[in-house]
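Listed here are the chains, written in short residue letters.
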Amino acid sequence: MNEHDAIRELLPLAAAETLDEKEERRLDQHLLSCSDCAAELGQWRALGHGLRRLPTPQASAVLLERTRQQMRAQLADATERSANPWVMGFLVLLSWTFALATWPIVRFLTAGALGWLDMSFRSAWLGLVGYTVLGWIVAAVAAIFLDRRPAGRRTA
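Residues numbered from 1 in each chain as written. Predicted model: local features only at pLDDT ≥ 70, side-chain atom pairs only at ≥ 80, totals over all residues. Heavy atoms only, no water.

1. Quick notes on helix α1 (residues 3-15)
Stage number 1. The terminal C-alpha atoms of α1 lie 19 Å apart, and with 13 residues this matches the ideal 18 Å at 1.5 Å per residue to within 8%.
Stage number 2. For α1, the principal kink sits at glutamate 9 and spans about 30 degrees; a proline, proline 12, occurs within the next four residues.
Stage number 3. Ala6, Ile7, Leu10, Leu11, Ala14 and Ala15 are the residues of α1 that are buried.
Stage number 4. Residues of α1 that are buried make contact with α2 (21-33) and α3 (35-53).
Stage number 5. Positive phi appears at glutamate 17, one or two residues downstream of α1, with a value of about 60 degrees. (Helix = DSSP H or I, 4+ residues; strand = E, 2+ residues; numbered from the N terminus. Expected span 1.5 Å × (residues − 1). Bend = angle between axes of the 7 residues up to and from the residue. Buried < 20%, exposed > 50% of the residue type's maximum accessible area, 1.4 Å probe, protein only. Contact = heavy atoms within 4.5 Å.)

2. What to know about the pattern of salt bridges
Stage number 1. Within this structure, the stated rule accounts for four salt bridges.
Stage number 2. Between glutamate 3 and arginine 26 there is a salt bridge; the shortest N-O distance is 3.0 Å. Placement of glutamate 3 in helix α1 and of arginine 26 in helix α2 is noted, with a sequence separation of 23 residues between them.
Stage number 3. On the accessibility criterion, glutamate 3 (42% relative accessible area) is partly exposed.
Stage number 4. Residue arginine 72 pairs with glutamate 65 through a salt bridge whose shortest N-O separation is 3.9 Å.
Stage number 5. Residue classification places arginine 72 among the exposed residues on the basis of a relative accessible area of 52%.
Stage number 6. Where salt bridges share partners, they join Glu65, Arg68 and Arg72 into one cluster. (Salt bridge = Lys/Arg side-chain N within 4 Å of Asp/Glu carboxyl O.)

3. Quick look at α2
Stage number 1. A rise of 1.5 Å per residue sets the reference length of α2, with its 13 residues, at 18 Å; its end C-alpha atoms lie 19 Å apart and thus fit the reference within 8%.
Stage number 2. Looking at the packing, one finds that the buried side of α2 touches α1 and α3.

4. Section: the nonpolar core
Stage number 1. By size, the foremost hydrophobic cluster in this structure holds eleven residues: Ile7, Leu10, Leu11, Ala14, Ala15, Leu19, Leu27, Leu31, Cys34, Cys37 and Leu41.
Stage number 2. If you list the elements that add at least two residues to this core, you get α1, α2 and α3.
Stage number 3. Discounting chain neighbours no more than four positions away, the residues touching cysteine 37 are His4, Ile7, Arg8, Leu11, His30 and Leu31. (Core = buried A, V, L, I, M, F, W, Y, C linked by side-chain atoms within 4.5 Å.)

None of the figures reported here should be taken as evidence of function without further support.
Set out below in structure tokens:
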């Protein structure tokens, strides 16, 4: 790209008065020797002046309110999405704690007090794993049903 083409790209910015000092000096030097660019800059300035005289459009109250509601809904969704990993982490920790804490109670109620004395490691381990998996399946089904609630009824 030659110098003339580079200056022509600066003309709309010059008309909008957004050039820095260095670019402004560069443009002024070029305009002294190029009448075509000076004429084009005059056209850009006339266009900018005409645009400034036009009335500024105002959004309707209905559009503003609808936009505010959409922004609130998106903000609530973003807040809910940011909280979900923490909630899920808490639920995982809670479910493991619940499974480990209630296992002795389940074992006691299903095998009786004498079952504690005869309990082999293998049967106890398999029972705990089965009990934990069953708890996870129930939690997954509950999570699926909770996620299918209408969006308006969810809470963050």
